[in-house]
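# Notes for the structure review
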Amino acid sequence: MDQEYVTLKIKNSEEYWQINSKKFRHWIVHKHFLETGKVPNSNGINQVIEYLSAKAFMEGKPIKLHMRVAEHDGNIYYDLANDKKQVIEIDADGWRTTRNPPVSFARYTNTAPQVLPSKKAVITDIYSIFDFINLKEEDQLLFLVELISCFVPDIPHVILSLYGEKGASKSTALRIKRRILDPAITELVSLPNDPEQLKLILARNYCPLFDNLDYLKGWQSDLLCTASTGGGNIKRQLYTDQDEVLLKFKCCVGLNGINTVGMRPDLLDRSLIFELDRIRPENRLSESDLWAMFEERRPYILGAIFTILSGALQVYPEIELESLPRMADFARWGYAIANALGDAGDDFLKALEDNDTRTNNEAILASPLAVAILLLMKDKQEWNGTATELLKELNEIALDESLDTQAKLWPKGANYISRRLKSIKANLESQGIYYEIHRNSQNVSDLTITKVILKDNNSYNENADWEDE
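Just so it is clear, the structure is predicted and the values come from calculations on it, not from any experiment.

## Observations concerning the overall build of the protein
- A tally of regular secondary structure across the protein gives 14 helices and 17 strands.
- Counting only C-alpha atoms, the protein reaches 85 × 55 × 45 Å along its principal axes.
- Sorting the 469 residues of the protein into buried and exposed places 49% on the buried side.
- Counting contacts in the protein only where the partners sit at least 6 residues apart, residues at least 24 apart contribute 67% of the total.

## Considering the pairing of strand E7 (residues 94-98)
- In terms of strand pairing, strand E6 (residues 87-91) meets E7 through 5 bridges, oriented antiparallel. Of the residues in E7, the one forming a bridge with valine 87 is threonine 98.
- The loop that links E6 with its antiparallel partner E7 comprises 2 residues.

## Remarks on the pattern of salt bridges
- A complete count under the given rule lists 21 salt bridges for this structure.
- Note that aspartate 182 is salt-bridged to arginine 68, the shortest N-O span being 2.6 Å. You can see aspartate 182 sitting in the loop between helix H4 (170-181) and helix H5 (195-204) and its partner arginine 68 sitting in the loop between strand E3 (65-66) and strand E4 (69-72), a full 114 residues away along the chain.
- Residue aspartate 182 is classed as buried on the basis of its relative accessible area, which comes to 4%.
- A single salt-bridge network, built from bridges that share partners, covers Arg175, Arg179, Glu187, Glu287, Glu295 and Arg298.

## Here's the deal with the sheet that holds E7
- Strand order in the open sheet made by the 4 strands is E4-E5-E6-E7, with antiparallel pairing throughout. Edge strands, defined here as strands with exactly one partner in the open sheet, are E4 and E7. Across this sheet, the average inter-strand angle for adjacent strands is 25°, counted without regard to direction.
- Strand direction decides the pairing type here: strand E5 (residues 75-79) and E6, joined by 4 bridges, are antiparallel. Across the sheet, the residue bridging to aspartate 79 is valine 87, located in E6.
- Lying over the sheet, helix H8 (residues 287-315) contacts E5, E6 and E7, oriented at roughly 35° with respect to E6.

## A short note on the nonpolar core
- Ranked by internal contacts, the top residues of the largest apolar core, which has 73 residues, are Ile129, Ile180, Ile305 and Phe306.
- Top contributing element to this core by residue count: H8, with 12 residues.
- Excluding residues within four positions of it along the chain, phenylalanine 306 makes contact with Tyr78, Ile88, Ile90, Trp95, Pro117 and Phe151.
- If you look at the next biggest cluster of nonpolar residues, it comprises 26 residues, including Ala370, Leu376, Trp383 and Ile449.

## Let's talk about helix H6 (residues 218-229)
- Along its 12 residues, H6 runs 17 Å from first to last C-alpha, staying within 8% of the 16 Å computed at 1.5 Å per residue.
- Among all positions of H6, only Gly218, Gln220, Ser221, Leu223, Leu224, Cys225, Ala227 and Ser228 are buried.

## Details of the packing of aromatic side chains
- Applying the stated criterion to the full structure yields 11 aromatic pairs.
- Consider the rings of tryptophan 291 and phenylalanine 294, whose centres lie 5.7 Å apart with planes at 90°: the pair is edge-to-face. Placement of the pair is tryptophan 291 and phenylalanine 294 together in helix H8, with a separation of 3 residues, close to one helical turn. Per residue, the accessibility class of tryptophan 291 equals that of phenylalanine 294, and both read buried.
- In textbook terms, an aromatic cluster arises when at least three aromatic residues are bridged by ring pairs, as seen for Tyr78, Trp95, Phe151 and Phe306.

## So, unusual backbone geometry
- In the Ramachandran plot, aspartate 154 falls in the positive-phi region, its phi being about 65° despite a non-glycine side chain.
- Unusually for a residue other than glycine, serine 402 sits at a positive phi of about 55°.
- Tracing the chain through its elements places serine 402 in the loop between helix H12 (387-401) and helix H13 (417-423).

What counts, and at which threshold
Residues numbered from 1 in each chain as written. Predicted model: local features only at pLDDT ≥ 70, side-chain atom pairs only at ≥ 80, totals over all residues. Heavy atoms only, no water. Helix = DSSP H or I, 4+ residues; strand = E, 2+ residues; numbered from the N terminus. Buried < 20%, exposed > 50% of the residue type's maximum accessible area, 1.4 Å probe, protein only. Contact = heavy atoms within 4.5 Å. Pairing = 2+ DSSP bridges. Salt bridge = Lys/Arg side-chain N within 4 Å of Asp/Glu carboxyl O. Axes fitted to C-alpha atoms, helices over the stretch in contact; angles between N-to-C directions. Core = buried A, V, L, I, M, F, W, Y, C linked by side-chain atoms within 4.5 Å. Expected span 1.5 Å × (residues − 1). Phe/Tyr/Trp six-rings, centres within 6.5 Å; stacked < 30°, edge-to-face > 60°.

On their own, these measurements won't tell you what the molecule is for.
Structure follows, in structure tokens:
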């Protein structure tokens, strides 16, 4: 976010405070009272703010402020955000605490300090996280890689999507991730219905986590996709002026719900989906006992993460994958992290492939159009016809199978077919369904849909009973 800041010396350490903020206004009032014994009036405060903003704009040097993590000369820096202004420096030789990093960090209202990581930690301490998160054993490696990859700055990050029945401690799992990665005053939030409020949350939290969701609107899904891969938004500073404010965000988003909530294919394509099992009554802990145990382990989990990151930095430059899946930067870093965890790079790729299959299936089931096309092709290898003819057949299938033709992504007319198919193209191809669109001599869209029987894990299952889904 392009704003004017002032550098202040606080407890022998430099801090960057936004000039037009309530925090800095309080500082002005306090400083003025200490020196004069009087409280300045609002007009005087506003004049100081206006002058310093102009001075910063005209004479100040640009400084990039990072949230929680930063990269410089190949090293990773992690902001503990504590009163001592300590930052963790991680390189291929290990990690250490410093108060003079070559990068600067922004600390917003919701930023909370991190505990000091333990130098006594060993790599296996990371697995103690599963004493508090009830995750299937086959998903644990991928979950750990996703968590540790969030400490890598300036890469697209996958969206963590947790689901499970009531009593699976989904909210607890997200809170644990937040305390390890990006401690906050408010750890979980509801997904706002106001776009501007959601943009602000994404811009000022490195790890925004949204709790107890059952549905995502199209614009909410689009903003979360943007936050995953990096982007921004320009708006007027006030409705009464022409100045623009640029909000930038690239962050580690997490969601939870009883069912998977990433309904749109583009969001599912950026997601890792994990199902949490309901915790048995005999294994439940009281809230106070759980958090007391976790806080005792947190320094060791954090120390293990930094040790693993150091190991990943050693091998990352030499990692070359034969084929790059979706979220290629995550896959390459994930392979390096998995190897640093215990020579598990190939196991990570297999787990990622299995999760991709899961998200593809979720994307198919979340799209009435995709389900209708699979049903259309269930007993045939090829279909030919016009867009009008295709829509007629799909509407008949939807009527027979009670599919939701009022869904936003269902084509309302033949002229929408091409656009709607494009949004699920990759998901259909994962099931062996391919299509071609071309114009005939009468300028009418002709379509050819073909089914290919594949042999891998992502193959179209010609015996799948989509009607039962």
